[in-house]
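Chain and residue survey
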Amino acid sequence: MGVIKITFKVDGMETSFEGNENKTLLDSAVENDVDAPYSCRGGACATCIGRLKTGTVNLEQNYILTDSEIDEGLIITCQAYPTSEEIYLDADDI
Ligand code: FES
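Below you will find a few notes about this structure. (Residues numbered from 1 in each chain as written. Predicted model: local features only at pLDDT ≥ 70, side-chain atom pairs only at ≥ 80, totals over all residues. Heavy atoms only, no water.)

1. Considerations on the pairing of strand β1 (residues 4-10)
Within β1, five of the seven residues are buried, which leaves the element mostly enclosed by the surrounding structure. Where β1 and strand β2 (residues 13-19) come together, seven bridges link them in antiparallel fashion. Bridge pairing in β2 places threonine 7 opposite serine 16. Where β1 hands over to β2, the hairpin turn is made up of two residues, of which aspartate 11 adopts a positive phi near 50°. As defined by bridge partners, β1 adjoins strand β7 (residues 86-90) across five bridges and the pair is classed as parallel. Bridging from a neighbouring strand, isoleucine 6 pairs with isoleucine 87 of β7. (Buried < 20%, exposed > 50% of the residue type's maximum accessible area, 1.4 Å probe, protein only. Helix = DSSP H or I, 4+ residues; strand = E, 2+ residues; numbered from the N terminus. Pairing = 2+ DSSP bridges.)

2. Let's talk about the pattern of salt bridges
Overall, the coordinates contain six salt bridges when judged by the stated rule. Ionic pairing is found between glutamate 31 and lysine 23, a salt bridge with its closest N-O pair at 3.0 Å. Three or more residues joined by partner-sharing salt bridges are found here, namely Lys9, Arg51, Lys53, Asp90 and Asp93. (Salt bridge = Lys/Arg side-chain N within 4 Å of Asp/Glu carboxyl O.)

3. Some details on unusual backbone geometry
Phi is positive for aspartate 11, which is not a glycine, with a value near 50°. Even without being glycine, arginine 41 reaches a positive phi, approximately 60°. Within the secondary structure, arginine 41 is located in the loop between α1 (25-31) and β3 (49-54). Relative accessible area serves as the criterion here: at 37%, arginine 41 is assigned to the partly exposed category.

4. Concerning the nonpolar core
In terms of nonpolar packing, the biggest core is built from 24 residues, with Phe8, Leu25, Val57 and Ile75 touching the most fellow members. At the level of secondary structure, the elements contributing two or more residues to this core comprise β1, α1, β3, β4 (57-59), β5 (74-76) and β7. The biggest single contributor to this core is β1, with four residues. Excluding anything up to four places from it in sequence, phenylalanine 8 contacts Met13, Glu14, Thr15, Phe17, Leu25, Ala29, Val34, Ala36, Thr77 and Leu89. (Core = buried A, V, L, I, M, F, W, Y, C linked by side-chain atoms within 4.5 Å. Contact = heavy atoms within 4.5 Å.)

5. Observations regarding the packing of aromatic side chains
Applying the stated criterion across every chain yields a total of one aromatic pair. An angle of 45° between the planes, with centres 5.9 Å apart, marks the rings of phenylalanine 8 and phenylalanine 17 as tilted. Geometry around tyrosine 38 places arginine 41 over its ring, the cationic atom sitting 4.4 Å from the centre. (Phe/Tyr/Trp six-rings, centres within 6.5 Å; stacked < 30°, edge-to-face > 60°. Lys NZ or Arg CZ within 6 Å of the ring centre and 35° of its normal.)

Okay, here's the thing in structure tokens:
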């Protein structure tokens with residue numbers, strides 16, 4: 001798919017950067033100096049939770065979100081690989 005445009009909103013601040021489908025949203029965000037919250041990086045703590053407003057992702061591991069939470073757009077960014085060309089993640093709307 002190539003380059004993916006990712007925007008993260010954290011603490012009211014939006015930051016846009018490029019990612020790719022082989023890297024989690026969290027890893028791309030941290031590499032681009034976004035102050036994205038995280039702890040375990042293993043899909044278990046939900047510190048990295050956010051709401052997907054635009055785009056789609058594939059959650060590799062998920063020990064914490066229910067199906068209905070996922071249906072509402074909640075994801076854990078440490079396990080989320082982008083599957084669309086544009087992503088908007090709102091870490092404040094949780
Ligand atoms: S950092 Fe713990 S679930 Fe993502």
